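# Observations on chain architecture
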Amino acid sequence: MRLPLLAAVVAVALLLVAPFYFYSVTLMTILCFVVFACSFNLLLGYSGLLCFGQAMFFGGAAYVTGHLLKTTPISLELAILCGGIFSGLLGLLIGTLAIRRQGIQFAMITLAFSQFVYFIFLQSPFTGGEDGMQAIPRNALFGLFDVSDNTVFYYVVLAVTLLCVFVYYRIVHSPYGEVLKAVRDNQPRVESLGFDPERVKLLAFVLSASMAGIAGGMKATVYQFATLTDASWPISAEVILMTLLGGLGTLTGPIFGAGIIILLNDYLAGFGEWALISQGVILLVVIVFFRRGFVGELGALAAYLRARKARAAAAEPENPARAH
Amino acid sequence: MFDGISTQLLLGQILIGLINGSFYAMLSMGLVIIFGMMHVINFTHGAQYMLGAFCAWLLMNYLGIGYWPSLVLAPFAVALFGIFLERVLLRPLAGLDHLYSLLATYAVALIVEGLVRIQYGSTGLPYDNPIPGGINLGFMFMPYYRLWVVVFSVFTCVGTWLLIDHTKLGAYLRAANENPQIVQTFGINVPKLMTLTYGFGVGLAGLCGVLAAPIYQVSPSMGSSLMIVVFAVVVIGGMGSIIGAVATGYMLGMVEGLTKVFYPEAASVVIFLFMTVALYLRPQGIFSGREAS
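Read on for a plain summary of the structure.

### Quick look at the overall build of chain B
- The number of helices and strands found in chain B is eleven helices and two strands.
- Along chain B, from the amino end to the carboxyl end, the secondary structure elements read α-α-α-α-β-β-α-α-α-α-α-α-α.
- By principal-axis analysis of the C-alpha atoms, chain B measures approximately 65 × 50 × 35 Å.
- For chain B, restricting intrachain contacts to residue pairs at least 6 apart in sequence, the fraction spanning at least 24 positions comes to 79%.
- Within the structure as shown, chain B displays about 12300 Å² of accessible surface, and the carbon and sulfur contribution to it stands at 68%.
- Each charge class in chain B can be summarised by its mean position, and for the 10 positive and 10 negative side chains these summaries are 12 Å apart.

### A look at the environment of Arg-199 of chain A
Residues and elements named next belong to chain A.
- Within the secondary structure, Arg-199 sits in helix H9 (residues 197-223).
- According to the relative accessible area criterion, Arg-199 is exposed, its value standing at 64%.
- C-alpha separation for the pair Arg-199 and Thr-96, spaced 103 residues apart in sequence, amounts to 9.1 Å.

### Some words on the layout of surface pockets
Residue and element names in this part refer to chain A.
- The space that makes up the largest pocket amounts to roughly 1800 Å³.
- As for the largest pocket, its lining consists of 39 residues, and the residues nearest its centre are Ala-8, Ala-11, Thr-252, Ile-255 and Phe-256.
- Residue assignment for the lining of the largest pocket shows that the elements contributing at least two residues are helix H1 (2-17), helix H2 (24-47), helix H6 (150-172), helix H11 (253-268) and helix H13 (293-315).
- Counting residues per element, the lining of the largest pocket draws most heavily on H1, at eight residues.
- A per-class count over the lining of the largest pocket returns 30 nonpolar, eight polar and one charged.
- Empty space within the second largest pocket amounts to approximately 1100 Å³.
- Here the lining of the second largest pocket is composed, by residue class, of 22 nonpolar, 14 polar and seven charged.

### Digging into the pattern of salt bridges
All names here are of chain A.
- Applying the stated criterion to the full structure yields seven salt bridges over all chains.
- Between Lys-181 and Glu-178 there is a salt bridge, and its shortest N-O distance comes to 3.5 Å. With Lys-181 and Glu-178 both in helix H7 (residues 175-185) and three residues apart, this pair spans about one turn of that helix.
- The class for Glu-178 is partly exposed, based on a relative accessible area of 44%.

### Some thoughts on unusual backbone geometry
- Backbone geometry at Gln-224 of chain A places phi at a positive 60°, although glycine is not the residue there.
- Here Gln-224 of chain A lies in the loop between H9 and helix H10 (233-246).
- Classification of Gln-224 of chain A as partly exposed rests on a relative accessible area of 30%.
- Despite not being glycine, His-39 of chain B shows a phi value in the positive range, around 60°.
- Within the secondary structure, His-39 of chain B is located in the loop between helix H1 (7-38) and helix H2 (45-62).

### Describing a nonpolar patch on the surface
All names here are of chain A.
- A grouping of Leu-3, Leu-6, Val-10, Val-12, Leu-14, Leu-16, Val-17, Phe-20, Tyr-21, Phe-22 and Leu-162 is seen on the molecular surface, where their side chains present a nonpolar patch of about 1100 Å² in accessible area.
- Checked against the element boundaries, Leu-14 lands in helix H1.
- Accessibility expressed as a relative area gives 55% for Leu-14, which makes it exposed.

### Structural notes on the side chain of Ser-22 of chain B
- For Ser-22 of chain B, the position within the fold is in helix H1.
- Setting aside chain neighbours within four positions, we find Ser-22 of chain B in contact with Val-149, Val-150, Ser-153 and Tyr-250 of chain B.

### Some words on the nonpolar core
- Formed by 203 residues in total, the largest nonpolar core has its most connected members in Leu-50 and Phe-52 of chain A.
- Setting aside its immediate chain neighbours within four residues, Leu-50 of chain A contacts Phe-40, Leu-44, Ile-104, Phe-106, Ala-107, Thr-110 and Ile-240 of chain A together with Leu-99, Leu-102 and Leu-103 of chain B.

### Quick word on the packing of H2 of chain A against H7 of chain A
Residue and element names in this part refer to chain A.
- Relative to each other, H2 and H7 sit at 55°, their axes nearing to 8 Å. Accordingly, the angle class assigned to the pair H2 and H7 is oblique. When H2 is examined against H7, the residues Leu-42, Gly-45, Tyr-46 and Ser-47 are found in contact with a partner set consisting of Leu-180, Lys-181 and Arg-184.
- Within the contact of H2 with H7, the residues separate by chemical class into three nonpolar, two polar and two charged.

### Regarding the packing of aromatic side chains
- Evaluation of the coordinates by the stated rule reveals 28 aromatic pairs over all chains.
- On the numbers, 6.4 Å between centres and 85° between planes, the contact of Phe-43 of chain B with Tyr-106 of chain B is edge-to-face. With a gap of 63 residues between them, Phe-43 of chain B in the loop between H1 and H2 and Tyr-106 of chain B in helix H4 (residues 98-120) connect regions that are remote in the sequence. An identical accessibility class is assigned to Phe-43 of chain B and Tyr-106 of chain B; each is buried.
- An aromatic cluster of at least three residues, connected via ring pairs, comprises Tyr-67, Trp-68, Tyr-127, Tyr-145, Trp-148 and Phe-152 of chain B.
- Sitting over the face of the ring of Tyr-223 of chain A, Lys-219 of chain A holds its NZ or CZ atom 5.0 Å from the ring centroid.
- The ring of Tyr-100 of chain B carries Arg-291 of chain A above its face, with NZ or CZ at 5.8 Å from the centroid.

### Things to note about the interface of chain B and chain A
- Contacts between the two partners involve 45 residues from chain B and, on the opposite side, 36 residues from chain A.
- Both sides of the chain B and chain A interface together cover about 3900 Å² of buried area, and 80% of this is carbon and sulfur.
- Linking chain B to chain A there are one salt bridge.
- Here Arg-117 of chain B makes a salt bridge to Glu-273 of chain A, at a shortest N to O gap of 3.5 Å.

The rules we used
- Residues numbered from 1 in each chain as written.
- Chains lettered and ligands numbered in written order.
- Predicted model: local features only at pLDDT ≥ 70, side-chain atom pairs only at ≥ 80, totals over all residues.
- Heavy atoms only, no water.
- Helix = DSSP H or I, 4+ residues; strand = E, 2+ residues; numbered from the N terminus.
- Contact = heavy atoms within 4.5 Å.
- Areas by Shrake-Rupley, 256 points an atom, 1.4 Å probe, with all protein chains shown as cover.
- Lys, Arg positive; Asp, Glu negative; His and termini not counted.
- Charge placed at Lys NZ, Arg CZ, Asp CG, Glu CD.
- Buried < 20%, exposed > 50% of the residue type's maximum accessible area, 1.4 Å probe, protein only.
- 1 Å grid on protein atoms, 1.4 Å probe; cavity = no way out; pocket = protein on both sides within 12 Å on 5 of 7 lines; lining within 4 Å.
- Points joined across faces, edges and corners; volume = space filled by probe spheres on them.
- Nonpolar A, V, L, I, M, F, W, Y, C, P; charged D, E, K, R; others polar.
- Salt bridge = Lys/Arg side-chain N within 4 Å of Asp/Glu carboxyl O.
- Patch = residues over 30% accessible without salt bridge, like charges linked within 9 Å, V, L, I, M, F, W, Y side chains within 5 Å.
- Core = buried A, V, L, I, M, F, W, Y, C linked by side-chain atoms within 4.5 Å.
- Axes fitted to C-alpha atoms, helices over the stretch in contact; angles between N-to-C directions.
- Parallel < 35°, antiparallel > 145°, perpendicular 65-115°, else oblique.
- Phe/Tyr/Trp six-rings, centres within 6.5 Å; stacked < 30°, edge-to-face > 60°.
- Lys NZ or Arg CZ within 6 Å of the ring centre and 35° of its normal.
- Buried area = accessible area lost by both parts, 1.4 Å probe.

Take a look at the structure:
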């Protein structure tokens, strides 16, 4: 049990010094997508709901956060929070309708809803349509601290990310998280225990949407612009890829998945179409060969090694006994 | 408010809507057939529609094969691609959670679209109209080709429905959908039936692509946005009935056409709006008697 804690401390220490070695905007992008991927994993990994429209919460919150910062003197953290609340409410609305249809059709319905939301953003005057929302100011944090410098802002993003990951960890390990996993594995059983599975799932959807909103709001403040791309369905697909690649239903999986995909996108940015094709290939390989994902496969390997060691340890005491 | 709208415009848009509806109907029929049999939501459907159009274009430009032979050859080629996919990819994933097969079909769509875009660019390629000219209906000029699309799609939909509802093969299909194990014990090769079903559904998408080629430009992205609208159509009709999917397809095509007359700004979202209302009022789909999940 002490090893994960140690790993977490080392990881945080590395994250604290990271901006001295790497480009801070890339690091912040990764952090935004870590939160986004965690939000998605909360839904698919722990409740079994495949949302193919997660981008509507991400992009929608980016617009709301951006619009608030542009038109009001609201402080930065409140603007991001408002983005999260907006997405949570949107999630409540769409979740109420989408959860009424059972099973895998949820993916299709959420995809259609996200396209609906996309068209609304495309035609709304406040989003700037095809041009996107430009020049979003980074208002002072808590109304006091200037965060216009990217290295300084990195620590704000890092703090929000750590907070979100912590909340995500707490949700998954709470009694509610256990019920959520139980609904995923055996819904009729949970129903017979007196829980309302629809409400359990709806809450997961709303929590996930709010968290995706926080991620989107952060991204709008990092880049200081929000575009339709953030709300488009390829982004929804990208977050699915991140989560699956990292490991579905694993705690740290989305963190690795987001990191790998963002770095890969950065690397392949000059190759145009090949970036999308490689995403498709990675997705196929993960689905066919490594369904547990990066962290899941590592965990399976560790479990295998432990089992072998245990077997070896169980076999060993016999030898000294014979020697005596 | 109706005074300003001429009958010409109204009837014209309904007819255009009927053409879009033909595509919605045929594509959603393929999706429903595949889903009913295999519980796979085929995210490659849009890419397969696009491949049908590209096959027709390639046959025309490299082999000089015209529209009419392409109408048979291109869907057949796309169906073969589908059969290959089912055998190599979907079959091994069949026992797992349905989300894996869905994501696998999405991954294939991503790869296929990307490769086509690299080879042929993103701009639309023109395809000659095989039946030029048209007929003056009094209230509008109706190109023969569009008339042909509507008539042909109605025949295809009715034919498919007859095949599934009134033939022995269709009875096997429906039975295998209800209970694959029992049908298998009667000596019917259920896996082969599944492969053929997927091939057939995909072939329908390819056929749509060929039909669409002379109307729309042949481009790599022609399928992906259309596919999402078709998903909404399928959600409205419900996944349980072929007739439902077809009827909803034509109906929503016309609703979309009418919206273009009365409130053009909403034309792109009206189908999604319908989906919202349908989910609220009849969560199982307007043509489904029971939940099909």
